[in-house]
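The residues making up each chain are set out below.
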Amino acid sequence: MMQGLGRLLGIDNLSEKYAYVDDPALGHTSARRTAERWVKTTCGYCSVGCGMEIGVRAGKPVAVRGWEDHPVSLGKLCPKGLSEHQTLAAPNRAIHPLRKRNGRFERVTWDQAIDQMVTEIRYIQALHGPDSFGVIGTGQLVTEEFYTLGKLVQLGFGTKNYDGNTTLCMASAVSGYKRSFGCDGPPGAYDDFRAADVILLIGANIADNHPVLCQHLEGNREAFKIVADPRVTKTAMLADLHLALKPRSDIALLNGIARVLIDENLIDRAYIDQHTEGFDDLSAFLKKEWPVERAAAVTGLAADVIVHVARVYGRARAGFLAWTMGVNHSTQGAETVNAICNLSLLTGKLGQPGASPFSITGQCNAMGTRETGFASSLPGYRKFENAAHREELANIWGVPAARIPSARGLAYPDIIQAAADGQIKALWIIATNPVVSFPNKPQLERALSNLDFLVVQDGFHPTPTSELADLVLPAAIWGEKEGTYTNSERRVSKVNKAVEPPGEARSDFEVLLHLATRLGCRQELFPGWTEPKDAFEEWKRVSRGRLCDYSGMTYELIEKHGGLQWPFPESHTDVSPSRLYTDGHFEFDNGKARLIAVDCQPFPDAPTDEFPLVLNTGRTVEHWHTRTKTAQVAILERMAPNAWLEMNPSDAQRLGFRSHDRVNVTSRRGHVDRVELRITQIVAPGQVFMPFHFSETNVNEVTQDAFDPISREPNYKQCAVHVTLSDSPGRRP
Ligand code: SF4
């Protein structure tokens, strides 16, 4: 009141509000943004795993700055990281447990919420069997929470049907590594970007999607850089050679390269004989099926360009192959990974500095769920079907081995299909937003509307998914809890709590222990546990002796070194960049990697006269996944406020379109309307591109629910569409 009067009389000039200071980290800035203390942590967006510090003032997050000597990020952050503290105070944070009654949400206590969840799920399981309950997780929790969640779901709730949204981005890499090397786990290190003399990026636009990795790429001035991508992406612009291959023709390119390597004896015969099997079959297959001319015809590249790439890679001292979603988002994703691994194995370019087939992961802790989760493997990359592995786990946990499943449950898309078919009746969705992110949205909506009970546990509400829930559990997010993330190079980094979660939100770890208490299994499964470190200590024992061995790590050591790469067994002290398979011993029983012949299939949604354009989907640097977080960060939202469609000038001219027209994009499954048109040579004739972040203009209205039969990853790309002008209003005069 006094302040208002002062302002009215012109006495209060808001000097405190508008005071500026010179801050060593932020420069000339508002005094209200200067931190009283800085908390070291790891970025919670992507899998690069940048080290950062959160500035806190009066208990509130006020800034983020790079961690100067961090081994991954070297003090740099991208726009998302630099503004990440703003997600903590976003207006759409979930702050109370809510249950839906008569179509409206009402507040309940945590005890009521947990009681309702357990009662409903137990009732449904009693009626329809334990596997009528499904769980869809995320790559956003800390590893300690993933480990706890997997145990709770499988041994507490007793369902096998648990998977994560990581299946939407990384499952093909996981399956591909398992088929080629006998185990998941990216073999290389970021240091390989600097140590290689040839770098081939396949379907990897790291300039937009993993921006801080680009400093490692650009830091190597000597390497010959090749980017294979249908679009002239920002990453392609950094390359010495851009291979603008046709959509989904990467297997043809890789087979063409492999054929040249064999024909010109650019292979390492001693390595092949000692460390691999399947060479004769692969060689015969390539000689019969893949002359370079066929690779050229399928890819649209000149045959001599493919030969040149093969020679450059084959003659390299250290050749580094890296990929992301351009490879994984495919019905042949896992096989494409095998074709990439073939090149490394044929040439013996694996396990040395600069030489690796390297999958760049998506989310900040997708790797954590791969290591500890119960989804694609048992914890520690143990195999469901291996009785000795189940016995080993059961002994560590003190439970009968029969309680550990001998086969994996349904993968994410199959959980959705089972919900649509009425076999999954209750679903628990954790920190993900499938209504925006899952392909073929109409099918997803049918599945969710068929459920008897839907729980959504998330840091944000409302989201398009949480609005459909019967129960919403508010969760703490990055910056509000402690644990570890693993990045793409297997580096385990510390995540620290800087501020308290808002309202009644709790860490996922606390929610899981509360559920265990209500289920009556807390003392059996989580004896004496009160904090994430308890889970970390047990996980160290579970991972001991496995490829992802954490047993020599401590929170203190991890913090001290800005992360530690696994394997890090007891008594290990070397913190220099580490690589897998340095001795050529792989994780199959005979120790040999597998060379796998892979043929190239046409993609499932081929263009026709009615749907003549091939739609590609992807990301932009400003946003994260479904924009639940980044739409609330003003600077990011202003830079990219809406979706767009990229179209080549020749197609735009033929269709009579002009830049910034509003257009409708229609596939065999649905349509997305009033998308801004960008006419650009970034895309080739016959192709269009749209980012997938925007719920308002959701590209997943048109994408297809076709999945890799091996990895179950969706084919988000290569979808046949036609594009028409939107009705009104829209067209510029
Ligand atoms: S590159 Fe990834 S990890 Fe690094 S600041 Fe950006 S979003 Fe965070």
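Counting from 1, residues in each chain are numbered in the order their sequence is written. Where local features are concerned, this predicted model is filtered to residues with pLDDT of at least 70; where side-chain atom pairs are given and counted, the filter is 80 or more; whole-chain, interface and lining totals use all residues. Side-chain figures throughout are based on the complete set of non-hydrogen atoms in the structure, without hydrogens or water.

Before going further, it helps to spend a moment on the overall build of the protein. Assigned secondary structure in the protein consists of 26 helices and 28 strands. We compute the radius of gyration over the C-alpha atoms and compare it with the globule rule, which gives 2.2 Å times the number of residues raised to the power 0.38. Against the 2.2 N^0.38 benchmark of 27 Å for 733 residues, the protein shows a C-alpha radius of gyration of 26 Å, consistent with a compact globule. Viewed in the frame of its principal axes, the protein has a C-alpha envelope of about 80 × 75 × 55 Å. The buried label goes to any residue with under 20% of its type's maximum accessible area, the exposed label to any with over 50%, and the partly exposed label to all in between, with areas taken from a 1.4 Å probe on protein chains only. Looking at the protein as a whole, 63% of its 733 residues qualify as buried. When contacts within the protein are restricted to residue pairs at least 6 apart in sequence, those whose partners lie at least 24 apart make up 73%. Within the structure as shown, the protein displays about 26400 Å² of accessible surface, and the carbon and sulfur contribution to it stands at 49%. For the purposes of this entry, the term helix denotes a DSSP run of H or I that reaches at least four residues, the term strand denotes a run of E that reaches at least two, and both are numbered from the N terminus. Any two residues having at least one pair of non-hydrogen atoms within 4.5 Å are treated as being in contact. Computed with a 1.4 Å probe, the accessible areas rest on the Shrake-Rupley method; for each residue, only the protein chains presented here act as cover.

A few words on the domain arrangement of the protein. For the protein, the assigned domains read domain 1 (2-88), domain 2 (174-360) and domain 3 (613-727). Between the C-alpha centres of domain 2 and domain 3 the distance comes to 27 Å. Counting residues at the interface gives 23 residues for domain 2 and 23 residues for domain 3. Once two parts are put together, the accessible area they lose, assessed with a 1.4 Å probe and summed over both, is termed the buried area. Here domain 2 meets domain 3 over a buried area of about 1900 Å², counting both sides, of which 53% is carbon and sulfur. A per-residue breakdown of the area domain 2 buries against domain 3 is headed by Arg231, His329 and Thr331, which together make up 36% of the total. Criterion for a salt bridge: a side-chain nitrogen of Lys or Arg within 4 Å of a carboxyl oxygen of Asp or Glu. Counting every contact that joins domain 2 to domain 3 gives one salt bridge. A salt bridge links Arg231 to Glu646, with the shortest nitrogen-to-oxygen separation between them at 3.0 Å. As used in this structure description, the phrase polar contact means that two N or O atoms lie within 3.5 Å; if the pair is within protein, one of them must be able to donate a hydrogen and the other to accept it, and residues adjacent in sequence are counted only when both atoms belong to side chains. Put simply, domain 2 and domain 3 have seven residue pairs in polar contact (both at pLDDT 80 or more) between them. Just so you know, the domain bounds were taken from an automatic or database domain assignment.

Moving on, we come to the environment of Glu277. Structurally, Glu277 can be placed in strand 13 (residues 276-277). Residue Glu277 is classed as partly exposed on the basis of its relative accessible area of 29%. Distance from Glu277 to Asn590, taken between C-alpha atoms, is 9.7 Å for residues 313 residues apart in sequence. Beyond its immediate sequence surroundings of up to four residues, Glu277 is in contact with Asn590, Lys592, Ala593, Arg594 and Leu595.

Here we come to the pattern of salt bridges. The full count for this structure, using the stated rule, is 40 salt bridges. Its salt-bridge partner being Lys441, residue Glu701 comes within 3.2 Å of it at the nearest N-O pair. Of this pair, Glu701 sits in the loop between strand 27 (687-691) and strand 28 (719-725) while Lys441 sits in helix 20 (residues 441-449), placing them 260 residues apart in sequence. Under the relative-accessibility criterion, Glu701 is labelled partly exposed at 21%. With a relative accessible area of 15%, Lys441 lands in the buried category. A cluster of three or more residues bridged by salt bridges with shared partners is formed by Lys288, Glu289, Arg294 and Asp599.

Working definition: rings of Phe, Tyr and Trp (its six-membered ring) pair if their centres are within 6.5 Å, and the pair is stacked with planes under 30 degrees apart, edge-to-face with planes over 60 apart, and tilted otherwise. Going through the model one piece at a time under the given rule, you end up with 23 aromatic pairs. The criterion for a charge sitting over a ring is simple: Lys NZ or Arg CZ within 6 Å of the ring centre, and within 35 degrees of the ring normal. The ring of Tyr313 has Lys349 lying over it, and the distance from NZ or CZ to the ring centre is 5.6 Å. Over the face of the ring belonging to Phe588 we find Arg594, whose NZ or CZ atom lies 3.7 Å from the ring centre.

Consider each residue's heavy atoms; a residue with any of them within 4 Å of a molecule or strand counts as near. Cys43, Tyr45, Cys46, Val48, Gly49, Cys50, Leu77, Cys78, Gly81, Pro211 and Val212 make up every residue found near the ligand. Asp, Glu, Lys and Arg are counted as charged, while Ala, Val, Leu, Ile, Met, Phe, Trp, Tyr, Cys and Pro are counted as nonpolar; the rest, among them Gly, fall into the polar class. Here the shell around the ligand is built from residues that sort into nine nonpolar, two polar and no charged.

Among the buried residues, those of types Ala, Val, Leu, Ile, Met, Phe, Trp, Tyr and Cys that are joined through side-chain atoms within 4.5 Å form a nonpolar core. Counting 125 residues, the largest nonpolar core has Met117, Leu152, Trp428 and Trp566 as the members making the most contacts within it. Sort the elements by how many residues they give to this core and helix 9 (residues 250-263) lands first, with nine residues.

The next subject is the pairing of strand 16 (residues 426-430). Most of strand 16 sits out of view: five of its five residues are buried. On strand 16, burial covers both faces: Ala426, Trp428 and Ile430 on one face and Leu427 and Ile429 on the other are all buried. Alignment of strand 8 (residues 133-137) against strand 16, held across four bridges, turns out to be parallel. Considered in strand 16, the bridge of Val135 is made with Trp428. Judged from the five bridges that link them, strand 16 and strand 17 (residues 453-458) form a sheet pairing that is parallel. From the neighbouring strand, Trp428 faces strand 17, where its bridge partner is Val455. Pairing between two strands requires that DSSP report at least two bridges joining them.

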